[in-house]
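# An overview of the molecular structure
Here is how the chains run, residue by residue.
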Amino acid sequence: MKEKGGEFVWFDGKFVKWEDAKVPVFTHALHYGTAVFEGIRGYAAKNNLYIFRLQDHMERLHRSAGVYSISLNYSAKELASATVELLQKNKMKESCYIRPLTFVGLHGIDLNVTKSSPTHTVIITFPFAKYFKGEGIKVCVSSWRRINDSTTPPLAKAAGNYLNSIMATQESKRNGYDESILLDLSGNVSEASGENIFLVRRGKIYTPHLADSALEGITRESAIKIAKDLGYEVTERPISRTELYMADEIFLTGTAAEIVSVSSVDGHVVGNNGKEGPVTKGIREMYEKIVSAGAKEYMNWLTPVWQTQQK
Ligand SMILES: Cc1ncc(COP(=O)(O)O)c(C=O)c1O
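Residues numbered from 1 in each chain as written. Predicted model: local features only at pLDDT ≥ 70, side-chain atom pairs only at ≥ 80, totals over all residues. Heavy atoms only, no water.

Keep this limit in mind: UniProt positions are given in the numbering used here, feature names are shortened, and annotations may be inferred rather than shown by experiment.
Per an unreviewed UniProt entry, the chain goes by Branched-chain-amino-acid aminotransferase and derives from Nitrososphaera gargensis. As recorded by UniProt, the Sequence similarities (unreviewed entry) comment attached to the chain reads in full: "Belongs to the class-IV pyridoxal-phosphate-dependent aminotransferase family." Annotation of the chain in UniProt includes, under Function (unreviewed entry), the sentence "Acts on leucine, isoleucine and valine."

Right, dumping it as C-alpha cells:
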C-alpha cells in the first residue's frame with residue numbers, strides 16, 4: 001500500500017496511529033524475509049461490511065508461522081476479533097483489504113529462528129477494489145519455476161516466497177501480459193504468481209493438487225465447494241502446460257483477484273473466443289453473491305463488522 005489506509009494499525013495488541021506503526025531497520029524480517037502473512041477481503045454489502053473467511057485466514061497464518069517456528073502470540077480467534085475491532089476503529093464502511101503480518105523482530109543476523117525469537121504481529125486495513133481490470137486476463141507461462149517444497153515450502157504463506165512471484169510478475173508485465181502461470185519443478189502447472197488456477201474441459205473442472213507447489217488457497221477451496229454445490233465434478237490432478245492450450249475455460253482464484261477468467265495463455269486464445277465460459281461464469285457469479293451476503297447457505301463464511309447497525 002503506497003498511501004495511508006485506515007487511521008489505525010493493530011500492533012501487538014494495541015491500536016497505533018498509522019504514522020507511528022514503525023519498526024527498527026535491524027528487523028530480521030527486513031533482511032531475511034522471515035515473516036508470514038495473510039490477505040483477506042472485506043466486502044461492503046447490505047449496509048454492512050462482511051469479512052470473507054476471517055477465521056480460516058487466521059488459522060492459515062498460524063500454520064504458516066508454525067512451519068518456520070515463528071511464534072505467533074495471539075490465537076486465530078483473538079486475531080479475528082482484533083480485525084473486527086480495527087475495522088470499526090478505522091470506520092471502514094467500504095470494501096477493503098486486510099493484511100495481518102507476523103514477523104521476526106530484533107534477532108540480530110542469526111538465522112536460527114526459534115520459538116523464542118522475538119516476533120511482532122500487525123494488522124493493516126485499507127480500501128480496496130478490483131485487482132485485475134477488465135474481463136478476462138492474458139497470461140503467459142513463466143520461464144521461472146515455482147518454488148518447491150524441497151527448498152522453500154509453498155504451502156507456508158511466507159514473505160520470502162514472494163520473491164519468486166515477483167520475478168514471474170516482472171517478466172509477464174515486461175512482455176505485455178496481465179499475469180504469469182508458474183510450472184513446478186517437474187514441469188506441471190502449479191499456480192499463478194498470486195492465484196490458484198483451474199481449467200475446464202468438456203464440462204469437468206481440474207486444478208493442480210497441493211503437492212504441485214500450490215498454495216492452499218482459501219478462494220481455491222471456496223471455488224471447489226461452490227463448483228461441487230453447483231453440480232460440477234472437480235478433480236485435483238497434475239496438469240501439463242499443453243492442457244492449458246486445450247482448455248475450454250481457465251480461471252484463477254485468489255483473495256485479491258477473486259474469480260477471474262483467463263482469455264489467453266501464451267497468445268493461445270482460451271476456448272472459442274477467449275470470453276468467460278459458462279462454468280466460470282456460474283462459479284464467479286455465485287462467489288459474488290456469497291461475498292455480498294446474498295446466499296443464506298454460505299453466510300457462515302462471512303463475519304459482519306457492524307453487527308449493532310443491523311439491529
Ligand atoms: C501464491 C499464491 N497462490 C494462491 C493464492 C490464493 O490464495 P487465497 O485464495 O487464499 O487468497 C495467493 C493469494 O494470496 C498467492 O499469493
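The discussion continues.
### Re the site of the ligand
Applicable threshold: Here a residue counts as near a molecule or strand whenever at least one of its heavy atoms sits within 4 Å of it. Nitrogen and oxygen atoms within 3.5 Å of one another constitute a polar contact, given that in protein one can donate a hydrogen and the other can accept it, and given that sequence-neighbouring residues count only through two side-chain atoms. Accessible surface area values rest on a Shrake-Rupley calculation with a 1.4 Å probe, where residue burial reflects the displayed protein chains alone. Each helix is a run of DSSP H or I of at least 4 residues and each strand a run of E of at least 2, with the numbering of both proceeding from the N terminus.
Of all residues adjacent to the ligand, which total 16 residues, the nearest are Lys157, Tyr162, Glu191, Thr219 and Thr255. Between the ligand and Tyr162, the relevant distance is 2.4 Å, taken from an oxygen atom to a side-chain nitrogen or oxygen of the residue. In the environment of the ligand, a nitrogen atom lies 2.6 Å from a nitrogen or oxygen atom belonging to the side chain of Glu191. Protein coverage of the free-state accessible area of the ligand, which is 380 Å², stands at 95%. When contributions to the shell around the ligand are tallied by element, the ones reaching two or more residues are helix H5 (218-229) and strand S14 (249-254).

### So, the side chain of Ser180
How we decide: Buried residues are those whose accessible area, probed at 1.4 Å on protein chains only, stays under 20% of the maximum for their type, while exposed residues exceed 50% and partly exposed ones sit between those limits. We call two residues in contact when some of their heavy atoms are within 4.5 Å.
Its location among the elements puts Ser180 in strand S9 (residues 179-183). Of the residues examined, Ser180 reaches a relative accessible area of 0% and is grouped as buried. With residues near it in sequence (within four places) discarded, Ser180 still touches Cys140, Ser142, Ala168, Thr169, Ser172, Glu191, Ala192 and Ser193.

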